[in-house]
Structure formats: structure tokens, C-alpha cells
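# Architecture at a glance
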Amino acid sequence: MDSEQAPPGIDVTKPHPARRYDYWLGGKDNFEADRESAEAVAEAFPSVQFSALENRAFLRRVVTYLTAEAGIRQFLDLGAGLPTAGNVHEIAQDIAPESRIVYVDNDPIVLIHARSLLNSRPEGRTAYLEADVREPDRILTHPDLLDTLDLTRPVALMLVAVMHFLTDDDRPYEVVERLRGALPSGSYLVMTHATSDHLTVEDLAQSDEANRRSGIPFRLRSTAEFSRFFTGLEVVPPGIGSVMSWRPEGWRAHPRPEAVSMLGAVARIP
């Protein structure tokens, strides 16, 4: 999709995380600014596409677990991104058709494609909110969310490849605390996050510079920093680690953890 074909009201001169992620997943709903941003990141992190693909595979395994084993029937997916194969509602409703899902993203182009996200099974329901994760109160009090989800019953809060776009100035721990604090006992927090664990000081400096050039704020965090999001929660085995290590489905050829550099975890809210 080039700038001449951009929908009205879409600023294609500035890169956006959802469209950049779409590019790494092989999608077509991205623009030159998104591709340039993606390539700037790839200069410092050449295996970034592996990371995006493994992150998506983690999402599929987690939603399957939460629906089939944990009995979750409600999902709040923040930073949903552009529709692609294996959206949360497709995975959940294949197992439990009555599942309800609310998607949230702050890119207007995602709203244009929301009809794909809203294609719910008749037994369940989906909704889409255009909002920013930095505004948790607006999300939690939105009429469409309250009309779709029952916040007195367990909800899976999905923050998959989202929080690394919040710098320390955005108070990411407070944002997650507010979101998870609104959910009842038996709910779950699901997160993935790009990590600095495998980088030398020189590599980290190069990565920071690449992210600055990409035009999208980005904050790598260590395992210790990532673990803080789960303080007080019951982390589901196998615990906090590489997204590739979370309940893998048999042997397969895959990149090394340092090539993916993405942490993931699932935790139950007591």
C-alpha cells in the first residue's frame, strides 16, 4: 500500500508500530515510512522478523491455553494491531464460541480494518476501541468495553509486544497496575516484551540509536525489569522467559533465544 492509496485521514509520513509489525509479518497494510522504520531497526537487530513471528506463535499458544485449560471466556487485547491470521477471537472462539473479545489500538488504519476483527461467532461477541494504552481509565470505562465484557468475571489482559513502546516517562508499571487492578480474581495478565538481556553495552547503544532513527519510541527491558510487571501475581509455569520456551509444541527448528530477544509470561491474578 503506497501513499497514493492511503485512506483519508491516515498520516503515512510517520511510522506506526502496528503497520511496522504488519510489514515484519509479511502484510501489505504498511507505508514507506513504516518500512523505512522497520529497516532502521533491522540494521541493529537483523533477526527482528523472527522475533515478530515467534511473538505471534506465543500468542496462539497462550490463547489456546487460557481458553481450553484455564476456562477464560473474556479477552482484552491492547495493541491488537492489524488483523492477520490467528486473531485472538478466532483462536478463542474456535474452542469456545461464546468467548468475548475487546480489541484496542491507537492507529486509525486498524479501525478501517476492524470489520475483520469484529467478525465474531454468533454465540460470542467482539468490539474494537480506538484508544491508547497510556489512557487506561478511558479504556476501562469505555461504554463499548463495558457492553462487551463483564468486569466482575475473569478477563485475560493481553499486552503482547506493547509495553516496550512505553518509555519510563510513560510510567509503564503504573499503567499495567491500573489495568490489572480493575480485573477480578481469576483473571490473567499476558505480556511479551523486547529484552536487552542478550546485548553487550555496545550492542545496546547501537540498538538505542537504531530505535531513535526509526522514529518510534522504544524501551528494551531486562528480565528483572520485565518481572516487575508480575509482582504479586501467580506466574503460570514455565514462568518468565523467552517466548519460545513457553509451552512449545514439540521439536522444531527455531532461532536462538538471543535472535528473538523477546520475553513472555502468563500470570493469574489472585
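Nothing here was measured: the structure is a model prediction, and the numbers come from that model. (Residues numbered from 1 in each chain as written. Predicted model: local features only at pLDDT ≥ 70, side-chain atom pairs only at ≥ 80, totals over all residues. Heavy atoms only, no water.)

### What about the overall build of the protein?
Looking only at helices and strands, the protein features 12 helices and 8 strands. Across the 270 residues that make up the protein, the buried fraction comes to 51%. In the protein, 74% of the contacts between residues at least 6 apart in sequence involve partners at least 24 apart. Here the protein has roughly 12,300 Å² of accessible surface; of this, 51% comes from carbon and sulfur atoms. (Helix = DSSP H or I, 4+ residues; strand = E, 2+ residues; numbered from the N terminus. Buried < 20%, exposed > 50% of the residue type's maximum accessible area, 1.4 Å probe, protein only. Contact = heavy atoms within 4.5 Å. Areas by Shrake-Rupley, 256 points an atom, 1.4 Å probe, with all protein chains shown as cover.)

### Points about the packing of aromatic side chains
For the coordinates displayed, the defined rule picks out 6 aromatic pairs. Pairing Tyr-65 with Trp-246 gives two aromatic rings, centres 5.6 Å apart and planes at 75°, and the pair type is edge-to-face. Remark: Trp-246 occurs in the loop between β7 (241–242) and α12 (257–260) and Tyr-65 occurs in helix α3 (residues 48–68); sequence separation between them is 181 residues. Accessibility classification places Tyr-65 together with Trp-246 in one group, the buried group. (Phe/Tyr/Trp six-rings, centres within 6.5 Å; stacked < 30°, edge-to-face > 60°.)

### Some words on the pairing of strand β1 (residues 74–78)
Most of β1 is tucked away: 5 of the 5 residues are buried. The sheet contact formed by β1 and strand β2 (residues 100–105) spans 5 bridges and is parallel. Its bridge partner being in β2, Leu-78 is matched across the sheet by Val-104. Here β1 runs beside strand β4 (residues 156–160); their pairing, made up of 3 bridges, is parallel. For Asp-77, the partnering residue across the bridge sits in β4 and is Met-158. (Pairing = 2+ DSSP bridges.)

### Things to note about the nonpolar core
Of all hydrophobic cores here, the largest spans 34 residues; its most connected members are Val-63, Leu-66, Phe-75, Met-158, Val-190 and Val-266. For this core, the secondary structure elements donating two or more residues are α3, α4 (88–95), β2, α5 (108–112), β4, β5 (188–194) and β8 (262–268). A per-element tally of this core places α3 first, with 6 residues. When neighbours within four sequence positions are excluded, Leu-66 is seen to be in contact with Gly-71, Ile-72, Phe-75, Ala-156, Met-158, Tyr-188, Val-190 and Val-266. Grouped together as the second largest cluster of nonpolar side chains are 33 residues, Ile-139, Tyr-173, Phe-226 and Phe-229 included. (Core = buried A, V, L, I, M, F, W, Y, C linked by side-chain atoms within 4.5 Å.)

### Observations concerning the side chain of Gln-74
Position of Gln-74 among the secondary structure elements: in strand β1. Within the local environment of Gln-74, its side chain forms a polar contact with the backbone nitrogen of Asp-150, the two atoms lying 2.6 Å apart. Leaving out residues up to four positions away in the same chain, Gln-74 has contacts with Arg-100, Thr-148, Leu-149, Asp-150, Arg-153, Pro-154, Val-155 and Ala-156. (Polar contact = N/O pair within 3.5 Å; in protein donor to acceptor, adjacent residues only side chain to side chain.)

### A look at the pattern of salt bridges
On inspection of all chains with the given rule, the structure shows 16 salt bridges. In this structure, the salt-bridge partner of Arg-247 is Glu-69, at a minimum N-O distance of 3.5 Å. Highlighted residues: Arg-247 in the loop between β7 and α12 and Glu-69 in the loop between α3 and β1, separated in sequence by 178 residues. Among the ionic pairs, Arg-221 bridges to Asp-168, the shortest N-O distance being 3.2 Å. You can see Arg-221 sitting in the loop between α10 (201–214) and α11 (223–227) and its partner Asp-168 sitting in the loop between β4 and α9 (172–181), a full 53 residues away along the chain. (Salt bridge = Lys/Arg side-chain N within 4 Å of Asp/Glu carboxyl O.)

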